[in-house]
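# Summary of structural features
The chain contents come next:
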Amino acid sequence: MFFDSRKKVSLGGKGAEKKQESKQQFVERTRKEREAREHERKRERCSLRIQAFVRGRRATAERREFERQGWDESLQKMKHAWAQAADDAASAAVGKELDSLLRRFLFFYRRNNDKDNERLSSIGLWLVVNGTAGPNTRPGVKILSHLYSGADSNDAKRRIQKFCHLCMQRLKRTVTSPPGNVQALDAGVLVRLCNRGAEENRGGMAEQLLESLLAGGLMEVIRARLDADDKEEEAQKQPLQLVLVSLVVQALG
């Protein structure tokens, strides 16, 4: 009669805690909880983006290695086909193969990879002097006339421009070093492809290429090399300086 055995439940929470938390404290607590939830959401989003970035980089690296496989053999086959090309149809077929090789090369090339730099030199040397035994001893650059007149000429021109920019960037990285065969080769490629009087200059490609290289900093390389020339006697000049002087004459001609 005087005692109720039923358990009493306070629907308002613990009275002691309710009395201790003021309105300002309640607002502050809810604000911190919102910030903590927002921080956790941001952390999860960042985690997903980092994972996607890592997966993408790994997939790209694997694809580059895949494209490198068999590339050297394909280059040798293309050189041999060019050496044996006796008519325009055969030359056009080799031109398509060169375009495919350039596309693959521009994708997997990394400047810190020694093998990739050897491949860059190999293409450049073939373009300038050929050097492959066979009936056709013309430099590989002669094939560009077929690329520039094909259905995919715009893509081919962009790839040639990118290839020349790789040669120029390599010249930039070694501009303070004593010139050697690699630097002379890179400069020779630029001179040969910027030759406005060459038969492979279709649609003003030489002018477009030279304009692109100048916008990319070619004059900086030329000035640096000319400064190096001034410090050396004429008899001691290396082929690279002389080639770059020729390029200056063409640029201003």
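What counts, and at which threshold
Residues numbered from 1 in each chain as written. Predicted model: local features only at pLDDT ≥ 70, side-chain atom pairs only at ≥ 80, totals over all residues. Heavy atoms only, no water. Phe/Tyr/Trp six-rings, centres within 6.5 Å; stacked < 30°, edge-to-face > 60°. Helix = DSSP H or I, 4+ residues; strand = E, 2+ residues; numbered from the N terminus. Buried < 20%, exposed > 50% of the residue type's maximum accessible area, 1.4 Å probe, protein only. Lys NZ or Arg CZ within 6 Å of the ring centre and 35° of its normal. Patch = residues over 30% accessible without salt bridge, like charges linked within 9 Å, V, L, I, M, F, W, Y side chains within 5 Å. Areas by Shrake-Rupley, 256 points an atom, 1.4 Å probe, with all protein chains shown as cover. Salt bridge = Lys/Arg side-chain N within 4 Å of Asp/Glu carboxyl O. Axes fitted to C-alpha atoms, helices over the stretch in contact; angles between N-to-C directions. Left-handed = near helix turned anticlockwise from the far one by under 90°. Contact = heavy atoms within 4.5 Å. Nonpolar A, V, L, I, M, F, W, Y, C, P; charged D, E, K, R; others polar. Expected span 1.5 Å × (residues − 1). Parallel < 35°, antiparallel > 145°, perpendicular 65-115°, else oblique. Polar contact = N/O pair within 3.5 Å; in protein donor to acceptor, adjacent residues only side chain to side chain.

With that out of the way, let us pick up the packing of aromatic side chains. Throughout the structure, instances matching the rule amount to five aromatic pairs. Note on Phe105 and Phe108: the rings are 5.6 Å apart at their centroids and 80° apart in plane angle, and the pair reads as edge-to-face. Taken together, the positions of Phe105 and Phe108, both in helix α4 (residues 88–108) and three residues apart, correspond to about one turn of that helix. For the pair shown, Phe105 and Phe108 are each scored as buried. Ring plane angle 45° and centroid distance 5.3 Å describe the contact between Phe105 and Tyr109, whose orientation is recorded as tilted. Take Phe105 and Tyr109: they sit in the same class, and that class is buried. Taken together, the ring pairs connect Trp71, Phe105, Phe108 and Tyr109 into an aromatic cluster. Sitting above the plane of the Phe107 ring, Arg64 keeps its charged end 5.6 Å from the centroid.

Residues Ile50, Phe53 and Val54 make up a contiguous nonpolar surface patch of about 300 Å² in total accessible area. Summarising the element assignment, Val54 is placed in helix α2 (residues 23–68). The exposure class of Val54 is partly exposed, given its relative accessible area of 38%.

It is the contact of helix α7 (residues 153–173) with helix α8 (residues 181–193), at a shortest axis distance of 9 Å, that shows an interaxial angle of 145°. Considering how the two elements wind past one another, α7 and α8 form a crossing that is left-handed. Contacts between α7 and α8 involve Ile160, Phe163, Cys164, Cys167, Met168, Arg170 and Leu171 on the former and, on the latter, Val182, Gln183, Asp186, Ala187, Val189, Leu190 and Leu193. Class assignment for the residues of the contact of α7 with α8 results in eleven nonpolar, one polar and two charged.

Side-chain pairs of opposite charge can arise where the charged atoms are in close proximity. In total, this model carries 16 salt bridges according to the counting rule given. Of the charged contacts, one joins Arg68 and Glu65 as a salt bridge, the two residues approaching to 2.9 Å between their closest N and O atoms. Here the residue Arg68 and the residue Glu65 both occupy positions in helix α2, the gap between them amounting to three residues, near one helical turn. Connected through shared salt-bridge partners, Glu65, Arg68, Asp72, Asp116 and Arg119 make up one network.

Quick look at α8 now. Taking 1.5 Å as the rise per residue, α8 with 13 residues should run 18 Å; its terminal C-alpha atoms sit 18 Å apart, in good agreement. Of the positions making up α8, those classed as buried are Gln183, Ala184, Leu185, Asp186, Ala187, Gly188, Val189, Leu190, Val191, Arg192 and Leu193.

An α-helix turns once per 3.6 residues; consequently, residues spaced three or four apart project the same way. If you check α4, its first and last C-alpha atoms are 30 Å apart, about what 21 residues at 1.5 Å a residue would give, namely 30 Å. Taken together, the buried positions of α4 are occupied by Ser91, Val94, Gly95, Leu98, Asp99, Leu101, Leu102, Arg104, Phe105 and Phe108. Elements in contact with the buried residues of α4: α2, α3 (71–84), α5 (114–129), α6 (144–148) and α7.

Describing two packed helices takes the angle between their axes plus the distance from one axis to the other. Where α7 meets helix α9 (residues 205–215), the axes come as close as 10 Å, and the angle between the chain directions of the two elements is 40°. Regarding the angle of α7 to α9, the classification is oblique. Note on packing geometry: the crossing formed by α7 with α9 is right-handed. Two secondary-structure elements touch here, α7 through Lys157, Ile160, Gln161, Cys164, His165 and Met168 and α9 through Met205, Gln208, Leu209, Ser212 and Leu213. For the contact of α7 with α9, the per-class residue count stands at six nonpolar, four polar and one charged.

So, about the environment of Arg68. Relative accessible area serves as the criterion here: at 10%, Arg68 is assigned to the buried category. On a C-alpha basis, the gap between Arg68 and Asp116 in space is 9.0 Å, while along the polypeptide they are 48 residues apart. Within polar-contact distance, the side chain of Arg68 engages the side chain of Glu65 at 2.9 Å.

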